[in-house]
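# Reading the structure
So the chains spell out like this:
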Amino acid sequence: MSSNTDDSTAQGTEDTVSDEEVDEVLQEIERKRALQGWAAVIVAVVGISFSLFQMWLAAKGFVLSIELPAVGEVQFASLQSLQINAVHVAFGLVLAFLLYPSSTGDGPISRRCILLPDWLDDQLGADHPVTRGTRVVGGALAWLFVDRDLERITPLDAVLIGISILSAAYFITDFQEIQRMRALGLEAGRPIQEVFTFLEPITGLLGPLADTSYAFVLGVVGVLLVLEATRRSISLYLMIIVAAFVVYARYGYLIPQGAAYVGVLSIPPLGWDSIIQNLWYNTENGVFGIPVTVSVQFIYIFILFGAFLEMSGAGQWFIDLAYGATGTRRGGPAKASILASGFMGTISGSSIANTVTTGAFTIPLMKRSGYRPEFAGGVEASASSGGQILPPVMGAAAFLIVQYTATPFRDVIIAATIPAIVFFFGVWVMVHFEATKEHIGGLDPSELVNIPTHLKTGWFYLVPIGLLLYYLIIERLSVARSAWFTLIAIGALITLVAAYSDETRGRLGAIFAALFAGRFLAQLLTGANILGALAGDGTGGQSAQAAFAATVGGLGGIAILAGVLTLATRPYLDSPILSFDSAVDDAAQTTADAIGESELARNGLYRLGIFLGKSMESGARTAVPVVIAVAAAGIIPGVISVSGLGPNLVALIRAVAGGSLILLLLVTAVASIILGMGMPTTVTYIILVSLLAPALVQFGVPELAAHLFILYFGVIADITPPVAVAAYAASGVAKSDAFQTGIEAFSLSLNKAIVPFAFILSPGIVLLTRKANADELPLGEQYRVVQLSDFADPGFAIFEVLIPIAGVFIGVVALAATVIGYVEAPVSRGQRAAFALSSLLLMAPGLAVSGTFDVLGFVGFGGAGEVTLVVDIALRAVGLALFIALLVENRRRREPVSETTSSPEPA
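This report concerns the structure included in the present document. (Residues numbered from 1 in each chain as written. Predicted model: local features only at pLDDT ≥ 70, side-chain atom pairs only at ≥ 80, totals over all residues. Heavy atoms only, no water.)

### Quick notes on the side chain of E434
Along the chain, E434 turns up in helix 19 (residues 409-438). In this view, E434 contacts Y371, R372, F375 and I820; residues no more than four positions away in its chain are not counted. (Helix = DSSP H or I, 4+ residues; strand = E, 2+ residues; numbered from the N terminus. Contact = heavy atoms within 4.5 Å.)

### Here's the deal with the packing of helix 10 (residues 214-233) against helix 11 (residues 236-251)
Where helix 10 meets helix 11, the axes come as close as 7 Å, and the angle between the chain directions of the two elements is 155 degrees. Taken together, the axis directions place helix 10 and helix 11 in an arrangement best described as roughly antiparallel. On the side of helix 10, the interface is formed by L227, T230 and R231, while helix 11 contributes L236, L238, M239, V242 and A243. Residues belonging to the contact of helix 10 with helix 11 are distributed by class as follows: six nonpolar, one polar and one charged. (Axes fitted to C-alpha atoms, helices over the stretch in contact; angles between N-to-C directions. Parallel < 35°, antiparallel > 145°, perpendicular 65-115°, else oblique. Nonpolar A, V, L, I, M, F, W, Y, C, P; charged D, E, K, R; others polar.)

### Details of the environment of V689
By the secondary structure assignment, V689 is in helix 32 (residues 681-691). Residue V689 is classed as buried on the basis of its relative accessible area, which comes to 7%. Through-space distance from the C-alpha of V689 to that of L777 is 21 Å; in sequence the pair is 88 residues apart. Excluding residues that lie within four positions of it along the chain, V689 makes contacts with Y404, P694, H707 and I710. (Buried < 20%, exposed > 50% of the residue type's maximum accessible area, 1.4 Å probe, protein only.)

### Comments concerning the packing of aromatic side chains
Under the counting rule described, the total for this entry stands at 35 aromatic pairs. Between the aromatic rings of F171 and W280, the centroid separation amounts to 6.3 Å while the plane-to-plane angle is 55 degrees, which identifies the pairing as tilted. On the criterion of sequence distance, the pair formed by F171 in helix 7 (residues 155-173) and W280 in helix 12 (residues 272-280) is long-range, its members being 109 residues apart. Note on F713 and F757: the rings are 5.9 Å apart at their centroids and 80 degrees apart in plane angle, and the pair reads as edge-to-face. Highlighted residues: F713 in helix 34 (residues 703-716) and F757 in helix 37 (residues 750-761), separated in sequence by 44 residues. On the basis of relative accessible area, F713 is assigned to the buried category, the value being 3%. Judged by its relative accessible area of 6%, F757 falls in the buried class. A cation over a ring is seen here: K752 above F423, with NZ or CZ 4.2 Å from the ring centre. (Phe/Tyr/Trp six-rings, centres within 6.5 Å; stacked < 30°, edge-to-face > 60°. Lys NZ or Arg CZ within 6 Å of the ring centre and 35° of its normal.)

Printed below as a string of structure tokens:
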């Protein structure tokens, strides 16, 4: 911590993280191109088109149409699910090949190829024909494939983009043929020369392709494109895993059925035609299966929701709000970091992006307050990773849970809320104990925003989140419709706020009132909106109540139009309460300069248009890894389905677990962490749900709890060394040791590893209860989310919900004492062990008992033991008594507190 103002200022200058440094950290991790000029324009056009396509789907469904005055509805196309999914993935592929290079020349093969000419120089001489020929060939290959500076689109990229567009076009133009082939097989499709008639004169040169179905060739190429996009945008590791499953589908029959253990992996022989048909032309499994369907219907529109909020300036507003709320408390900067990361988790579903964008502000403040760089980075990485488990938005995997379990999103939110709160509470307690140990105080109140004033000037940022919860929980609308209405609300609010000032508020109100009244009258007299009424399209008058309801339903459009008209009359208005994200301001200035009208960057309407375009482009960029991930990961359940491997796999897993639920949970947890290292949580979830979720359900675990368990450990992988990508991103901002930052982040998130075991063994923690006819239902379907009427039963409410929930909250406090080694006085090693035991007994007593019985059973001393409700409550009571005793003893040795208030840069 700073000893005086001069030192604080010097240290603050040293620790400040610039936007350029943030971009460098993100680029180092994501290896994404920084395109300029025409290439950047292409990316923007494709990205905005992708977002418009998805917004159209959210608004209109699968019928692409538009309502024109005096003309009526004009329908462009009516698409099927497979066609929509194909277009969705094609957009993702095109953007992946635009944004991610095939090679930067620093891989092991590339480096050897680059060194080869130098070696030939030494061996043969620079003028030798072989040396010169090698340099020419090397230069050509580098031009074709290599993008060293991450700033150009290579010829290979252009070819792959063309093929990606061709693959989507086939689904649109020849869908009847695809439908026929789904019944008759790919061999029933037309050969290439019949599709492209200009190839008929050279049919003899096509060789085997002349007799091969074009659909088959396109399917093979399509799967390869997905694998290549996976390698570029996610990791070679995932590409190899997915490719291995494809190879297994073809050659898995070679595994002897009688072989020990692996014999159950033997599958019937499958031809490439059958495999490609199931992986490329199927909406149940494969590339365009359930994961991509979820991305089309849910994930993308929520990513767009986050992008609109972020570009509106909500991110910085939430950070300032968090610091204003907690910055003056003991260890305030770290506590504010936890709140800010939770807020940002609503906007961003990515642990890495959340860590870097929020951490650029929070980590330097934590360091200047006295926290170690590794601890500061660990706090940010840990809290940011929690964004994917924090309702109401959560991460992309939450929407997959909705689809895989057929659970309403409202119920998923309810079930996930308490574990998420427990997690953030646990991290909060740990940073509090660390602050107490290191005597770290809070920030000076003068450096923070005033909460009432801050809320007054930015209340509109909270409205979309409130509306989202209202639509999901109260109105119980579908996820897609809720997100769409919320998106319209964001656009309306931002447009109104952009047009608002002391000078224009009267004009804005008058225009809004006039539009509202005009629409109401049009609906009342003609049954149409204003334009429809003027064009004579009305269906006839309607009641005042119906007219008012229709007018309120169009309130978003009225607000947008009122704001636009106000801005049109006062184009260079300075909005006093709206501050767009810096990316919007930069884009406005850059585009204005490009067309030679730099003053246009100040135009309100122009900036609003840039905000909309930048939000849509940003949403598309963010969605690319998710779209590619779900497309690639969908291949794995596709292989399991087409090969019939599923039941055999469940039998193998149950045999390995030896009838022990605890062992199966441990296997699932370890597999999630290992598989999730360096991979998106979504991919980890899809793979493990396909492989392990059925086995968990067979043990009687509630299906929703099983899926949440897998999700939690997939999230933990982001902060688990040795490949803790979120922690490494935080270390880049904190300028700390990457591995040690990962250790700190994992330690701070330890409660995230125990809580899933707790809610598997005590489903009341995730607010699940057995159905009345549970014994008559299949395993996994015996539980439902609690309703208010369930709490009328005191036995259930107290012993199955209240006590377990209280146990996990108190247990994370004991866990914090174990990890930090300090409460109000130092905690010895023996006391740490005692705190750890009390934490386990409070949070998951069943884990301790069942694990003990399992170990005894494996060594031949007894069998399985049942953890009854009485035993569960008794063990929690023992844990509570031990915790209180330790706390009292620690308090007796309390040290005097001497805190120093830091003086960082203004928040």
